[in-house]
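Summary of structural features
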Amino acid sequence: MSMLSPEIVMQELSPLFPSIYSALDFGAGKAKEFFEKQENSEGKNIDLYLAPHLVRYHALNFLKRNGQDAREYTELSLDNIPFNGIHINHGCYQIKILKSNKGDLPVPGHSKTRREYYDQRFIDFGNGEPSDLKLILLWNVDMFYGLGILSLAFPKSGGITRESVTAHWHCKIPEKMLYGKYMITDKITVEEILDLPIEKIDIDKTGTDFGE
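Quantities reported herein were computed from a predicted structural model and do not represent experimental measurements.

Our next topic: the overall build of the protein chain. Scanning the protein chain from N- to C-terminus turns up 6 helices and 6 strands. When burial is assessed residue by residue, the protein chain has 45% of its 212 residues classed as buried. Only carbon and sulfur atoms are counted for the fraction: they give 52% of the accessible area of the protein chain, which is about 10,800 Å².

Here's what the structure looks like:
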């Protein structure tokens, strides 16, 4: 079985990344704004359980409001799933957008749906390309709840424990792909995505990601 390389996958998904980045950046900003108002009025700090929900809520609404142009050019479609989860379909790819667990893939835990999504130990690539590839785009934040690194993972397996989570690959998305400056005729190299460390900055100490 030949492995679909991360540079090929990112090349094909590159039209999506600016819209996703803008949506998550907008969501993180709205979450920060919400807690700053709460802090001023009630003296409360960022609620690490509520904040990811707010990011997803505002990011999803951003994509729904501003995603029409993206859909015209990228065949982007959004599934309706609980807890403001973000699940994108694009050609042969499915992409879940999840908050990272200190830079790593979150543990599926007891979620049967999440475990089944991660399970890609045996994939028939046929003529070299899968008919249905399930990916996870991970986001994190810094200590001020500003959007941090985005990365893309091709999960292999995942169960209840941290040790059960494996990936075929997990790579940082190059910044030039996030800001709308990347041209489809450009090329990215293996070194650009594999040699860039995925930041471990993440103020969520719970190790839990709610919703899909």
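In this section: the packing of aromatic side chains. Under the counting rule described, the total for this entry stands at 4 aromatic pairs. With a centroid separation of 5.9 Å and an interplanar angle of 70 degrees, the aromatic rings of Phe154 and Trp169 are classed as edge-to-face. Within this pair, whereas Phe154 is found in strand β5 (residues 147-157), its partner Trp169 is found in strand β6 (residues 166-172), the two being separated by 15 residues in sequence. For Phe154, a relative accessible area of 0% gives the class buried. For Trp169, a relative accessible area of 8% translates into the label buried. The lysine or arginine in question, Lys96, covers the ring of Tyr117, its NZ or CZ lying 4.9 Å from the ring centre. We note Lys99 situated over the ring of Trp139; from NZ or CZ to the ring centre the distance is 5.9 Å.

Looking at where Glu175 falls in the secondary structure, it is placed in the loop between β6 and α6 (190-194). Looking at Glu175, the relative accessible area reads 44%, which means it is partly exposed.

As a rule of thumb, soluble globular proteins bury nonpolar side chains together. Counting 41 residues, the largest nonpolar core has Leu24, Leu135, Leu137 and Leu152 as the members making the most contacts within it. At the level of secondary structure, the elements contributing two or more residues to this core comprise α1 (6-13), α2 (17-42), α3 (50-66), β2 (86-90), β3 (93-99), β4 (133-141), β5 and β6. In terms of residue count, the dominant contributor to this core is α2 (8 residues). Among all residues touching Leu135, those that are not within four sequence positions of it are Val9, Leu13, Tyr93, Gln94, Ile95, Lys96, Tyr117, Leu152, Ala153, Phe154, Pro155 and Trp169. Among the nonpolar cores identified, the runner-up in size contains 8 residues, and Leu98, Tyr118, Ile136 and Leu138 belong to it.

Before going further, it helps to spend a moment on α3. Three- or four-residue spacings in an α-helix give side chains the same orientation, since the helix completes a turn every 3.6 residues. Spanning 17 residues, α3 covers 24 Å between terminal C-alpha atoms, matching the ideal 24 Å at 1.5 Å per step. Ala51, Pro52, Leu54, Val55, Arg56, Ala59, Leu60, Phe62 and Leu63 are the residues of α3 that are buried.

Confidence along the protein chain averages 78 in pLDDT terms, with 68% of residues attaining 70 or more. Between the elements of the protein chain, mean pLDDT differs from a low of 42, seen in helix α4 (residues 68-74), to a high of 94, seen in β4. With pLDDT under 50 throughout, residues 199-212 is counted as low confidence; its partners more than four residues away or in other chains account for 51 contacts.

Among the 8 residues that make up α1, 6 are buried, leaving the element largely enclosed by the rest of the structure. Taken together, the buried positions of α1 are occupied by Pro6, Glu7, Val9, Met10, Gln11 and Leu13.

Let us now look at the pattern of salt bridges. Where side chains of opposite charge bring their charged atoms close, a pairing between them can arise. With the rule as written, the count across this model stands at 2 salt bridges. Arg121 is the partner of Asp119 in a salt bridge, and the nearest nitrogen-oxygen pair spans 2.8 Å.

So, on to the environment of Tyr93. As for its position among the elements, Tyr93 is in strand β3. With 84 residues separating them along the chain, Tyr93 and Val9 place their C-alpha atoms 9.1 Å apart. When near neighbours in sequence (up to four residues on either side) are disregarded, Tyr93 contacts Leu4, Val9, Glu12, Leu13, Ile88, Leu133 and Leu135.

We now examine the side chain of Ser157. You can see Ser157 is positioned in strand β5. A polar side-chain atom of Ser157 sits 2.6 Å from a polar atom in the side chain of Thr166. Residues contacting Ser157, with those up to four places away along its chain left out, are Tyr118, Asp119, Arg121, Ser164, Val165 and Thr166.

About the criteria used
Residues numbered from 1 in each chain as written. Predicted model: local features only at pLDDT ≥ 70, side-chain atom pairs only at ≥ 80, totals over all residues. Heavy atoms only, no water. Helix = DSSP H or I, 4+ residues; strand = E, 2+ residues; numbered from the N terminus. Buried < 20%, exposed > 50% of the residue type's maximum accessible area, 1.4 Å probe, protein only. Areas by Shrake-Rupley, 256 points an atom, 1.4 Å probe, with all protein chains shown as cover. Phe/Tyr/Trp six-rings, centres within 6.5 Å; stacked < 30°, edge-to-face > 60°. Lys NZ or Arg CZ within 6 Å of the ring centre and 35° of its normal. Core = buried A, V, L, I, M, F, W, Y, C linked by side-chain atoms within 4.5 Å. Contact = heavy atoms within 4.5 Å. Expected span 1.5 Å × (residues − 1). pLDDT = per-residue confidence, 0-100. Salt bridge = Lys/Arg side-chain N within 4 Å of Asp/Glu carboxyl O. Polar contact = N/O pair within 3.5 Å; in protein donor to acceptor, adjacent residues only side chain to side chain.

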